[in-house]
Amino acid sequence: MIKLSPELGTMLMLGGLVVGVFIGYPLAFVVGTLGLIFGFLRFGPPVFDMLYSRAVDGVVFNFTFLAVPCFIFMGVMLERSGLGDALFNAMYVWMGRLRGGLAVVTMLIGTIMAATVAIIAASVTMLTLAALPPMIKRGYDKSLAAGTVAAAGCLGILIPPSIMLVLYGPMAQLSVGKLFFGAFVPGFLLSSLYLTYIVIRSYLNPHLAPS
């Protein structure tokens, strides 16, 4: 066992994380390998017993984590079935005449998907394929279009149900239901602020988002 100060250990792990990610290894492998290496250096062979007990008792037999693959499956089905594209096209017909309407529709679809899918990858992928090309084609500012897609897609991490909250709750010994209630208002408040910003900026700078 090697005694490392918290500061030195943090710097070494952060440096290893940056190097591993920039080399091209998947983030999960980099983080897991660093955890094993520094855990072994600090605690010795007992770290493997600790890892096994936490993995089995904390994950395998934790029924809360059953929600994670179900959320992922729901997001993949929504993305592959084309329902997201159909919903986007329908809302575009309703709000196409509004200045900045495409960006508004993108934000609304991102909010709806965040409240039903709970996984960011599906939302970002669908919005990038369905919303970004039409906005660019119709003369939207690229920064506004890309920022709208990124902001709308990332709402899924906050608006319940959220995989992040499902994973965080058991680890922090907190009620997942209470976390959902606590994130409900901030998530939709953030979405409404995004919508307000898009509408105001579109009317102040008409060239950014033509009707």
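Just so you know, the residues in each chain are numbered from 1, in the order the chain's sequence is written. The predicted nature of this model means local features are confined to residues of pLDDT at least 70 and side-chain atom pairs, given and counted, to a pLDDT of 80 or more, with totals for whole chains, interfaces and linings taken over all residues. To get the side-chain values, all heavy atoms of the structure are used, and hydrogens and water are removed first.

Caption draft 1: View of the nonpolar core. Residues grouped as a nonpolar core are buried Ala, Val, Leu, Ile, Met, Phe, Trp, Tyr and Cys residues, joined through side-chain atoms within 4.5 Å. When accessible area is computed with a 1.4 Å probe and restricted to protein chains, residues below 20% of their type maximum are described as buried, those above 50% as exposed, and intermediate ones as partly exposed. If you look at the biggest cluster of nonpolar residues, it comprises 28 residues, and the most contacted ones within it are Phe 88, Met 107, Ile 109, Met 126, Leu 127, Met 135 and Tyr 140. Those elements giving two or more residues to this core turn out to be helix H5 (83-95), helix H6 (101-116), helix H7 (120-130), helix H9 (142-153) and helix H11 (176-204). Ranked by the residues each element gives to this core, the list is headed by H6, at 8 residues. Note on contacts: a residue pair qualifies if any of its non-hydrogen atoms lie within 4.5 Å across the two residues. Those residues in contact with Ile 109, other than ones at most four positions away along the chain, are Leu 87, Phe 88, Met 91, Met 126 and Leu 127. Phe 71, Ile 163, Val 166 and Val 176 belong to the second largest nonpolar core, which has 5 residues in total. Numbering of helices and strands starts at the N terminus; helices are DSSP runs of H or I of at least 4 residues and strands are runs of E of at least 2.

Caption draft 2: Looking closely at unusual backbone geometry. With a phi close to 55°, Gln 173 is a non-glycine residue in the positive phi region. Take Gln 173: it is sitting in the loop between helix H10 (163-172) and H11. Overall, the relative accessible area of 75% leaves Gln 173 in the exposed class.

Caption draft 3: A nonpolar patch on the surface, seen in detail. Without a salt bridge and with relative accessible area above 30%, a residue can belong to a patch; like charges are then joined within 9 Å and nonpolar side chains (Val, Leu, Ile, Met, Phe, Trp, Tyr) within 5 Å. Here the open area of atoms and residues is found with the Shrake-Rupley method and a 1.4 Å probe, where only the protein chains shown may cover a residue. When a carboxyl oxygen of Asp or Glu is within 4 Å of a side-chain nitrogen of Lys or Arg, the pair counts as a salt bridge. A contiguous nonpolar surface patch, about 480 Å² in accessible area, is contributed by Phe 184, Val 185, Phe 188, Leu 189 and Leu 193. Looking at Val 185, the relative accessible area reads 55%, which means it is exposed.

Caption draft 4: Highlighting the side chain of Ser 191. Looking at where Ser 191 falls in the secondary structure, it is placed in helix H11. Excluding its chain neighbours within four sequence positions, the residues that come into contact with Ser 191 are Met 107, Thr 111 and Leu 155.

Caption draft 5: Expanded view of the packing of helix H1 (residues 6-23) against helix H2 (residues 27-43). With their axes 9 Å apart at the nearest point, H1 and H2 run at an angle of 150° to one another. The orientation of H1 relative to H2 falls into the category roughly antiparallel. Once H1 is placed against H2, the crossing between them reads as right-handed. Two secondary-structure elements touch here, H1 through Gly 9, Leu 12, Met 13, Gly 16, Leu 17, Gly 20 and Val 21 and H2 through Leu 27, Val 30, Val 31, Leu 34 and Phe 38. Only the stretch in contact is used when fitting a helix axis, every axis being a line fitted to C-alpha atoms; angles between N-to-C directions are given from 0 to 180 degrees. Comment on the angle field: the value is read as roughly parallel under 35 degrees, roughly antiparallel over 145, roughly perpendicular from 65 to 115, and oblique elsewhere. Rotating anticlockwise by less than a right angle from the far helix to the near helix defines a left-handed crossing, while the corresponding clockwise rotation defines a right-handed one.

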